[in-house]
Amino acid sequence: MLKTDLHMHTTYSDGRYTPTELIELAHSKELQVISITDHDSINAYKEAFEAAKDYNIELITGLEISTDIEDTEVHLLAYFVDTKGEELNKYLDFFREERFQRAKRIVKKLQNLGLKITIDDVMDLAKNSAIGRPHIASTLLELKLVSNFYQAFDLYLGNNAPAYERKIHVSAQSALKLISDAGGLSFIAHPGGMDEYILTKLIKAGVDGIEVLHPSHSRYQIKFYRGIVNQYCLLESGGSDFHGGDKGDDVNFGKYYISSAKIEAMKKMLV
Ligand code: AMP
Ligand code: ZN
Ligand code: FE
Ligand code: FE
């Protein structure tokens with residue numbers, strides 16, 4: 001059986017490792033099929049394809065898209081997308097710029113709270129990645145304005161904290177269309193605890209599958225979502241959601257994998 005992990009992040013979003021480093025690590029964990037699913041970015045793929053060849057790893061294109069459905073943030077995973085797709089790239093460029101503008105608004109709020117941080121500090125750290133709150137948290141930590149990464153969210157960046165700014169609203173429905181137009185398959189990422197009403201809406205909207213295996217899911221949840229997958233004839237995905245350096249990351253990488261039969265089922269839906 002080929003070990004398959006379809007959820008991980010690189011420095012092109014909020015992961016700690018470059019695509020090459022990540023693939024080296026995946027190889028050392030005996031993963032044979034992987035998908036890099038950076039948040040709102042496919043920029044890792046140029047480098048990643050080269051590295052995957054060197055390590056004889058099958059690399060499935062992917063990304064994790066932040067969407068909204070009735071004011072709930074829902075992450076959708078997309079696999080097998082054409083990374084050259086014009087509409088997809090146009091959307092990602094747009095979203096990247098929106099993330100940058102949002103980061104500027106967050107930094108402004110932090111400054112108003114009296115913190116000595118600039119957007120350049122954040123950009124120095126974020127470099128070419130799709131900029132998000134984790135980059136700002138790391139910058140605050142580097143500037144010694146917080147004592148740890150999580151404190152940055154508790155005090156400033158968390159959903160109910162004073163420097164919170166929401167991302168622009170992208171409907172789940174439009175993201176699903178974007179994914180299928182790019183030739184890909186869509187999955188609800190880590191649905192653990194998701195309102196059943198939202199889950200049903202996504203299934204009705206035509207999502208192709210559900211990420212059943214995820215470190216945040218209990219055994220009960222895994223069974224529950226597998227039941228939903230079977231009931232609605234959906235596809236099943238899973239992975240570690242590895243970022244590098246997060247709680248549990250070292251243990252999870254190489255341990256959260258799905259069977260290659262699941263990949264074969266996905267590939268059948270592509271043709
Ligand atoms: P963004 O897409 O910029 O809104 O950032 C979302 C990311 O920030 C999530 O994927 C998490 O990695 C991280 N995050 C959000 N809330 C927290 C929190 N309370 N503690 C730690 N990390 C968080
Ligand atoms: Zn992430
Ligand atoms: Fe996510
Ligand atoms: Fe993720």
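Residues numbered from 1 in each chain as written. Chains lettered and ligands numbered in written order. Predicted model: local features only at pLDDT ≥ 70, side-chain atom pairs only at ≥ 80, totals over all residues. Heavy atoms only, no water.

## Concerning the coordination of the iron ion (ligand 4)
Reference values for angles at a metal are 109.5 degrees in the four-donor tetrahedral case and 90 or 180 degrees in the six-donor octahedral case.
Alright, step 1. Here the iron ion (ligand 4) is held by the protein donor atoms His 7 (NE2), His 9 (NE2), Glu 64 (OE) and Asp 241 (OD), which lie 2.1 to 2.3 Å from it.
Alright, step 2. One can describe the site at the iron ion (ligand 4) as irregular: its four donor atoms subtend angles covering 78 to 160° at the metal.
Alright, step 3. Donor residues for the iron ion (ligand 4), ordered by position in the chain, follow H-x1-H-x54-E-x176-D.
Alright, step 4. In this structure, the iron ion (ligand 4) is positioned 4.1 Å from the zinc ion (ligand 2). Placement of the pair is His 7 in the loop between strand E1 (4-5) and helix H1 (19-28) and Glu 64 in strand E4 (residues 62-69), with a sequence separation of 57 residues.
Alright, step 5. For Glu 64, a relative accessible area of 1% puts it in the buried group. (Donors = N, O, S within 2.8 Å, 3.2 Å for Na, K, Ca; no water. Tetrahedral: all angles 85-135°; square planar, octahedral: opposite > 155°, others 65-115°. Helix = DSSP H or I, 4+ residues; strand = E, 2+ residues; numbered from the N terminus. Buried < 20%, exposed > 50% of the residue type's maximum accessible area, 1.4 Å probe, protein only.)

## Concerning the coordination of the iron ion (ligand 3)
Alright, step 1. Looking at the metal site, the iron ion (ligand 3) is ligated by Glu 64 (OE), His 75 (ND1) and His 190 (NE2), spaced 1.9 to 2.2 Å from it.
Alright, step 2. Counting residues between consecutive donors of the iron ion (ligand 3) along the chain gives the motif E-x10-H-x114-H.
Alright, step 3. In this structure, the iron ion (ligand 3) is positioned 5.7 Å from the zinc ion (ligand 2). With Glu 64 in strand E4 and His 75 in strand E5 (residues 72-79), this pair connects stretches of sequence that are eleven residues apart.
Alright, step 4. You can call His 75 buried: its relative accessible area is 16%.

## Quick word on the packing of aromatic side chains
Alright, step 1. Considering all chains together, one arrives at nine aromatic pairs under this definition.
Alright, step 2. Ring centres of Tyr 17 and Phe 242 lie 6.0 Å apart, and the angle between their planes is 5°; this geometry places the pair in the stacked category. With a gap of 225 residues between them, Tyr 17 in the loop between E1 and H1 and Phe 242 in the loop between strand E8 (235-238) and helix H10 (249-252) connect regions that are remote in the sequence.
Alright, step 3. The class for Tyr 17 is partly exposed, based on a relative accessible area of 28%.
Alright, step 4. In this structure Phe 242 comes out as buried when scored by relative accessible area, which is 2%.
Alright, step 5. Here a set of aromatic residues connected by ring pairs shows up, and it is made of Tyr 17, Phe 242 and Phe 253.
Alright, step 6. Above the face of the Tyr 150 ring, Lys 247 is positioned so that its terminal group lies 4.3 Å from the ring centre. (Phe/Tyr/Trp six-rings, centres within 6.5 Å; stacked < 30°, edge-to-face > 60°. Lys NZ or Arg CZ within 6 Å of the ring centre and 35° of its normal.)

## Some remarks on unusual backbone geometry
Across residues other than glycine, the phi torsion is negative in most instances, and most of the peptide bonds are trans.
Alright, step 1. Of note in the backbone geometry, Asn 56 takes a positive phi value of approximately 55° without being a glycine.
Alright, step 2. Position of Asn 56 among the secondary structure elements: in the loop between helix H2 (45-54) and strand E3 (58-60).
Alright, step 3. Relative accessible area serves as the criterion here: at 69%, Asn 56 is assigned to the exposed category.
Alright, step 4. Phi is positive for His 190, close to 25°, though the residue is something other than glycine.
Alright, step 5. On the secondary structure map, His 190 appears in the loop between strand E6 (185-188) and helix H8 (196-204).

## Re the layout of surface pockets
A probe matching the size of a water molecule, rolled over the atoms, marks out where space remains unfilled.
Alright, step 1. Of the volumes computed, that of the second largest pocket is approximately 200 Å³.
Alright, step 2. Asp 68, Glu 73, Asn 159, Tyr 164 and Arg 166 are the residues nearest the centre of the second largest pocket, which is lined by 13 residues in total.
Alright, step 3. Looking at the lining of the second largest pocket, the elements that each hand over two or more residues are E4 and E5.
Alright, step 4. Looking at which element gives the most residues to the lining of the second largest pocket, the answer is E4, with three residues. (1 Å grid on protein atoms, 1.4 Å probe; cavity = no way out; pocket = protein on both sides within 12 Å on 5 of 7 lines; lining within 4 Å. Points joined across faces, edges and corners; volume = space filled by probe spheres on them.)

## Topic: the domain arrangement of the chain
Alright, step 1. We note that the domain assignment places domain 1 (4-90 + 168-270) and domain 2 (91-157) within the chain.
Alright, step 2. Placing a centre on the C-alpha atoms of domain 1 and another on those of domain 2 gives a separation of 25 Å.
Alright, step 3. On the side of domain 2, 14 residues touch domain 1, which itself brings 20 residues to the contact.
Alright, step 4. Buried surface at the junction of domain 1 and domain 2, both sides included, amounts to about 1500 Å², of which 55% is carbon and sulfur.
Alright, step 5. For the pair domain 1 and domain 2, the number of links is one salt bridge.
Alright, step 6. The shortest N-O distance in the salt bridge between Arg 99 and Asp 40 comes to 2.9 Å.
Alright, step 7. Scanning the region where domain 1 abuts domain 2 turns up 13 residue pairs in polar contact (both at pLDDT 80 or more).
Alright, step 8. For the side of domain 1 that touches domain 2, the elements supplying multiple residues, two or more each, are E4 and helix H3 (86-112). (Domains from an automatic or database assignment. Contact = heavy atoms within 4.5 Å. Buried area = accessible area lost by both parts, 1.4 Å probe. Salt bridge = Lys/Arg side-chain N within 4 Å of Asp/Glu carboxyl O. Polar contact = N/O pair within 3.5 Å; in protein donor to acceptor, adjacent residues only side chain to side chain.)

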